[in-house]
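Summary of structural features
Residues per chain, in single letters:
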Amino acid sequence: MEKIFRPSPKSFKNTFCVFQEVTLSSLEELKVQYESKSGSSYYYTKEGMYRLSNHWGRLANSKWRLEAMEPESESKTKLGFAPWTHFYPDNAEEELYYLEMNYSKNTVNYQHKNNPDYNGNAILRTSFETTKKIKQIRNLLNLTSWAKYFEYEDLDLLRKEIIEELIFTNKTLEEIKRALI
């Protein structure tokens, strides 16, 4: 009989991880190894962790996000998988996060500096600073009242110019807007 792989629960404390949504058929040979009080189920393998849950984001002392399948599944409960190598350290003091903009979906997200896709161009920030910039970018994307102070021909181009400055410089939103007026 093969020994069940079970990592230490402490190994998930203060971590950041992006899970990829997978189909439920991925669980066919696996048994639940841990069930949280909030109803999430965890399945551990030597390669990584499967998590079946109806909630993602901030979890106790960790930040775990789910990247949805395309097309997105209908169910609120989703199964995500992450290799062990995708769990990165998290804390409030260090500049660990950078912003990533997806203009085709009109979404902004944060990533960890240990992500192998990080090219060093986007500014690293603390989690508090990152949250503040995300809120500013989402307001730029979803509101138009701020644009009445600018002369522009294409609102989407103006948005992109401001967002790029927020992601790739340490300028404040006010400094960026002042330079464009």
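Structure: see above.
**Notes on the overall build of the chain**
In terms of regular secondary structure, the chain is built from three helices and 10 strands. Its helices and strands taken in sequence order, the chain reads β-β-β-β-β-β-β-β-β-β-α-α-α from the N to the C terminus. With respect to the three principal axes, the spread of C-alpha positions in the chain is 70 × 35 × 30 Å. Considering the chain as a whole, with its 181 residues, one finds that 40% of them fall into the buried category. Excluding contacts between residues fewer than 6 apart, the proportion of contacts in the chain whose partners are at least 24 apart in sequence is 64%. Accessible surface, the chain as shown: approximately 11800 Å² in total, 50% of it carbon and sulfur.

**Description of unusual backbone geometry**
In this model, E70 is joined to P71 through a cis peptide bond whose omega is -10°. Relative to the elements of secondary structure, P71 occurs in the loop between β6 (62-67) and β7 (78-83). Backbone geometry places N14, a non-glycine residue, at a positive phi of 50°. Its place among the elements puts N14 in the segment before β1 (15-22). For N14, a relative accessible area of 39% gives the class partly exposed. In this structure, N106 is a non-glycine residue whose phi angle is positive, near 60°. Its place among the elements puts N106 in the loop between β9 (97-102) and β10 (107-112). On the accessibility criterion, N106 (42% relative accessible area) is partly exposed.

**Observations concerning the packing of aromatic side chains**
Each aromatic ring pair is described using two quantities: the centre-to-centre distance and the angle formed by the ring planes. For the coordinates displayed, the defined rule picks out 18 aromatic pairs. Among the aromatic residues, those joined into a cluster by ring pairs are F12, F19, Y34, Y42, Y44, W56, W64, W84 and F87. Note that R51 overlies the ring of W56, its terminal NZ or CZ placed 4.5 Å from the centroid. The ring of Y103 carries the charged tip of K160 above its face, separated from the ring centre by 5.0 Å.

**Concerning the pattern of salt bridges**
Close approach of charged atoms lets side chains of opposite charge pair. Scanning the entire structure with this criterion turns up six salt bridges. Close ionic contact of K63 with D90 constitutes a salt bridge, the shortest N to O distance being 2.8 Å. Of this pair, K63 sits in strand β6 while D90 is found in the loop between β8 (88-89) and β9, placing the two residues 27 residues apart along the sequence. With a shortest N-O distance of 2.6 Å, K105 and E70 are connected by a salt bridge. Of the two residues, K105 sits in the loop between β9 and β10 while E70 sits in the loop between β6 and β7, which places them 35 residues apart along the sequence. For E70, a relative accessible area of 62% puts it in the exposed group.

**Some remarks on the side chain of R125**
Tracing the backbone through its elements, the reader meets R125 in the loop between β10 and α1 (127-142). It is E129 that comes nearest to the buried, bridge-free R125 among opposite-charge side chains, at 5.6 Å. Reaching out from R125, the side chain makes a polar contact with the backbone oxygen of L166 at a distance of 2.7 Å. Setting aside chain neighbours within four positions, we find R125 in contact with E94, E95, L96, Y97, L99, T130, K133, L166, I167, T169 and N170.

Thresholds, definitions, all that
- Residues numbered from 1 in each chain as written.
- Predicted model: local features only at pLDDT ≥ 70, side-chain atom pairs only at ≥ 80, totals over all residues.
- Heavy atoms only, no water.
- Helix = DSSP H or I, 4+ residues; strand = E, 2+ residues; numbered from the N terminus.
- Buried < 20%, exposed > 50% of the residue type's maximum accessible area, 1.4 Å probe, protein only.
- Contact = heavy atoms within 4.5 Å.
- Areas by Shrake-Rupley, 256 points an atom, 1.4 Å probe, with all protein chains shown as cover.
- Phe/Tyr/Trp six-rings, centres within 6.5 Å; stacked < 30°, edge-to-face > 60°.
- Lys NZ or Arg CZ within 6 Å of the ring centre and 35° of its normal.
- Salt bridge = Lys/Arg side-chain N within 4 Å of Asp/Glu carboxyl O.
- Lys, Arg positive; Asp, Glu negative; His and termini not counted.
- Polar contact = N/O pair within 3.5 Å; in protein donor to acceptor, adjacent residues only side chain to side chain.

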